[in-house]
Every structure is written in C-alpha cells, then in structure tokens.
Amino acid sequence: MIRVLRAQAGMEFDIVAGGHVWHAVIAGIADGTVRFNLIAEVEADPALPVTLLLSVYKFDRMEWAIEKATELGAECIVPVIARRSEKHLAQAAAGRVERWRRVALEASKQARRSDVLRIEDPLVLKVAVKEAEQAVRLVLAEQERSTTLHHALSEALDAAGDEVPAIWMAVGPEGGWTAEEEAMFDAESWKPVSLGPRILRAETAAITAMAVAAALLE
Ligand code: SAH
C-alpha cells in the first residue's frame, strides 16, 4: 500500500478484516505499517448458493475459471477428476488445492466479497456425483439440445417457491464427458442442460453457467 498506492493518512479504502468488509480510513503510517480506523461495515452480499463441479484440466485455464466464478458469486468449487482429465494433472490436483485457495482468496477480496469462495479437496467424479442429493443438480452437456440451463434453473427456482435451493452445476474437461460418465450422472438423477448450440471451452462454460445462475438468483 505504501509503495504502490502511495498510502497516506486520511486516505479511505474498503478493506476486508476478520471476514467482514469495512470502510476504513488510514489513521497513520509508521515503520512500514499502515494503521486503519474502521468507519463502518460495508454490506457485502453473501455468495450465491451455487457449487461448481469443475473438472480438472489445464491448470492455467482452471485458475482463470476459479477467479471468475469467485467474482460472479459462486459459493464453492469442487475440483473433479473426470475420465478425460489428463493423468498427470489429475495426479497433481491434490497438491494444487492450496494455490487454488489462494486464487479464490485474492479474487474474493478484489470482488469485495465478505466471504471467501471455498475450494474442496478434489474428488473423483464417481464420488462427486453422489454428493448433495437434495440440491438442484445440473450437468452441462454440449450434446443436450432441448433443455437450456436457463429453462431448467427457472423451473427449479419456481418449484422451490420462497426457499432458494442449493444449486450444483458440473462442467466437463476439455475432451468432454464420456458416455459412461453421462450414464453415471443420469443414474444419480442429474439433469443434462445446454448453454446453446456452440461448443464452449470448459472455462467459458463455467463462467456462462455462473452468469445465467446469477441473473436468475440476484
Ligand atoms: N467434447 C467437446 C468439448 C467439451 S467442452 C468437443 O467436442 O471438443 C468442455 C465442457 O464444457 C463440456 O463437458 C460441458 O460441460 C461444457 N460445455 C461446452 N459447451 C457447452 C454447451 N454448448 N452446452 C453445455 N455445456 C457445454
């Protein structure tokens, strides 16, 4: 703050402290330490009740998806080892989680979130499909032609009435889901949904899905 923002006493900032966003003023700067007076808590909206199952694929693109999903208000990301997740990436995923959590923390601060997007430890898809039975569970599938995400989600929200349900959305890896995985989703009653007739990259699909959910939930 001192070097990059040329912080001086009297300057005002929104800061995140103890899980809350505060409007604060710099009281003083001494020995490389910036001291704030907290003026008032800034009302920060809670996260949307959305969990993204994000298949493990190229790490740089995944990180981008994590950052953007955080900005768009996702509550949680579950990294998922899918059949077409590259083997060496699947093996490295557990060791990457701390870095993903740092990405989520930075993005949460930047987005002025009062909470931090949670990143779970990676799960193999076979296990992940059995989670959150009571949630609205939607699997993004480019082969799906009839039901759009927008339609399925509107319907589910209407059916839930005043209570906003938990929403889980699964995004496949670069190579997409295998037929066996589609059958697994089907057996656990996940609903396949489309984001339109074009094939999106996984990170585009994740962000688009978050934007559709945010538009319906906010
Ligand atoms: N197998 C594809 C690419 C998969 S895209 C190919 O032909 O190259 C990666 C993931 O993004 C998919 O598994 C799916 O979850 C999601 N996705 C991409 N386009 C989509 C669309 N039009 N509708 C729904 N999901 C989509």
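Residues numbered from 1 in each chain as written. Predicted model: local features only at pLDDT ≥ 70, side-chain atom pairs only at ≥ 80, totals over all residues. Heavy atoms only, no water.

A short note on the overall build of the protein
Okay, so step 1: Helix and strand counts for the protein come out as six helices and 10 strands.
Okay, so step 2: Oriented by its inertia axes, the alpha-carbon framework of the protein measures out at about 60 × 45 × 30 Å.
Okay, so step 3: Expressed as a percentage of the 218 residues in the protein, the buried residues total 43%.
Okay, so step 4: In the protein, 69% of the contacts between residues at least 6 apart in sequence involve partners at least 24 apart.
Okay, so step 5: Of the roughly 12,000 Å² of accessible surface on the protein, 50% is carried by carbon and sulfur atoms.
Okay, so step 6: Each charge sign in the protein was given a centre, from 24 positive and 33 negative side chains, and these centres are 8 Å apart. (Helix = DSSP H or I, 4+ residues; strand = E, 2+ residues; numbered from the N terminus. Buried < 20%, exposed > 50% of the residue type's maximum accessible area, 1.4 Å probe, protein only. Contact = heavy atoms within 4.5 Å. Areas by Shrake-Rupley, 256 points an atom, 1.4 Å probe, with all protein chains shown as cover. Lys, Arg positive; Asp, Glu negative; His and termini not counted. Charge placed at Lys NZ, Arg CZ, Asp CG, Glu CD.)

What about the domain arrangement of the protein?
Okay, so step 1: According to the domain assignment, the protein consists of domain 1 (12-42) and domain 2 (50-217).
Okay, so step 2: Every contact between the two is made by five residues of domain 1 and, on the other side, four residues of domain 2.
Okay, so step 3: Between domain 1 and domain 2, the buried area comes to about 330 Å², and carbon and sulfur atoms account for 62% of it.
Okay, so step 4: Connecting domain 1 to domain 2 are one salt bridge.
Okay, so step 5: Among the ionic pairs, D14 bridges to R112, the shortest N-O distance being 3.9 Å.
Okay, so step 6: Linking domain 1 with domain 2 are zero residue pairs in polar contact (both at pLDDT 80 or more).
Okay, so step 7: Elements supplying a minimum of two residues to the side of domain 1 that touches domain 2: β1 (12-17) and β2 (20-30).
Okay, so step 8: Taken together, the residues of the side of domain 1 that touches domain 2 break down into two nonpolar, two polar and one charged. (Domains from an automatic or database assignment. Buried area = accessible area lost by both parts, 1.4 Å probe. Salt bridge = Lys/Arg side-chain N within 4 Å of Asp/Glu carboxyl O. Polar contact = N/O pair within 3.5 Å; in protein donor to acceptor, adjacent residues only side chain to side chain. Nonpolar A, V, L, I, M, F, W, Y, C, P; charged D, E, K, R; others polar.)

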